[in-house]
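Structure at a glance
Residues per chain are reported as follows:
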Amino acid sequence: IDSHVDIDCLCCARDDGDRVRTSLQGASCVWVTGGNTFYLWHHMRSSGCADLVQQRVAEGVLYVGQSAGSIVAGESIETAFWKGWDDPDVVPGVEWSAETLDAMSLAPDHLFFPHYSPEFEPLVQRERVKLPPTTAVVALADAGPAYVVGDLASEASADSCASQK
């Protein structure tokens, strides 16, 4: 078994489009880490990284999102507003509207809410009713992963996440 894995770290805020394109074209997995969701999403869009990731995932590449990286995989990044942890003003001059909040929709009709714990249940329930009835909120606890295949959101363990429609 060949256990060799090539890892290419990108910064979509710093690396140019050619570097992003070259790296993603050869990737078998894309792992997007956390940070400020608004900063990440702005730079993923402006660098062309978001479009390339969508294309590669459509071709069968595995996508793994961690924290903000999970949020941008959903239909919208609006869950980044819910806790108030991410400052949208980190990107000067951006008006956050429905259009700029639209994310990659790697899991259509799903929004991701990372760092979930029971204390956030009232918040998630309050915000969830404002969404279209077809939109699922996948609440991700730090203890474990979840995955989405087609229309099914699954959790790695009973305590790791909750999916609500």
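Overview of the structure. As the structure is a computational prediction, the values presented were derived from the model and not from experiment. (Residues numbered from 1 in each chain as written. Predicted model: local features only at pLDDT ≥ 70, side-chain atom pairs only at ≥ 80, totals over all residues. Heavy atoms only, no water.)

Moving on, we get to the side chain of T100. On the secondary structure map, T100 appears in helix α6 (residues 98-101). Given a relative accessible area of 15%, T100 falls into the buried group. Polar contacts involving the side chain of T100 include one to the main-chain amide nitrogen of S97, which spans 2.7 Å. (Helix = DSSP H or I, 4+ residues; strand = E, 2+ residues; numbered from the N terminus. Buried < 20%, exposed > 50% of the residue type's maximum accessible area, 1.4 Å probe, protein only. Polar contact = N/O pair within 3.5 Å; in protein donor to acceptor, adjacent residues only side chain to side chain.)

Next up on the list: the packing of aromatic side chains. Summed over the entire model, instances satisfying the criterion amount to six aromatic pairs. Seen in terms of ring centroids, F113 and Y116 are 6.4 Å apart; in terms of plane orientation they differ by 70°. Their pairing is edge-to-face. By relative accessible area, F113 is classed as buried at 1%. Of the aromatic side chains, those joined through ring pairs into one cluster are W82, W85, F113, Y116 and F120. Over the face of the ring belonging to W85 we find K83, whose NZ or CZ atom lies 4.0 Å from the ring centre. Of note, K83 hangs over the ring of F120, and the distance from its end group to the ring centre comes to 5.1 Å. (Phe/Tyr/Trp six-rings, centres within 6.5 Å; stacked < 30°, edge-to-face > 60°. Lys NZ or Arg CZ within 6 Å of the ring centre and 35° of its normal.)

Next up on the list: the nonpolar core. Judged by nonpolar contacts, the single largest core of 31 residues is most densely connected at W41, M44 and I77. Counting only elements with at least two residues in this core, the list comes to α1 (17-25), β1 (29-32), α2 (37-47), α3 (49-58), α4 (68-71) and β4 (136-141). W41 has contacts with A50, V72, I77, W96, T100, L101, D102, A103 and M104, leaving out every residue within four places of it along the chain. One finds W82, F113, L131 and A139 within the second-largest nonpolar core, a separate group that totals 10 residues. (Core = buried A, V, L, I, M, F, W, Y, C linked by side-chain atoms within 4.5 Å. Contact = heavy atoms within 4.5 Å.)

The next subject is the environment of H43. Mapped onto the elements of the fold, H43 is located in helix α2. Overall, the relative accessible area of 17% leaves H43 in the buried class. Distance from H43 to R14, taken between C-alpha atoms, is 8.7 Å for residues 29 residues apart in sequence. Setting aside residues up to four positions removed in sequence, H43 forms contacts with C12 and A13.

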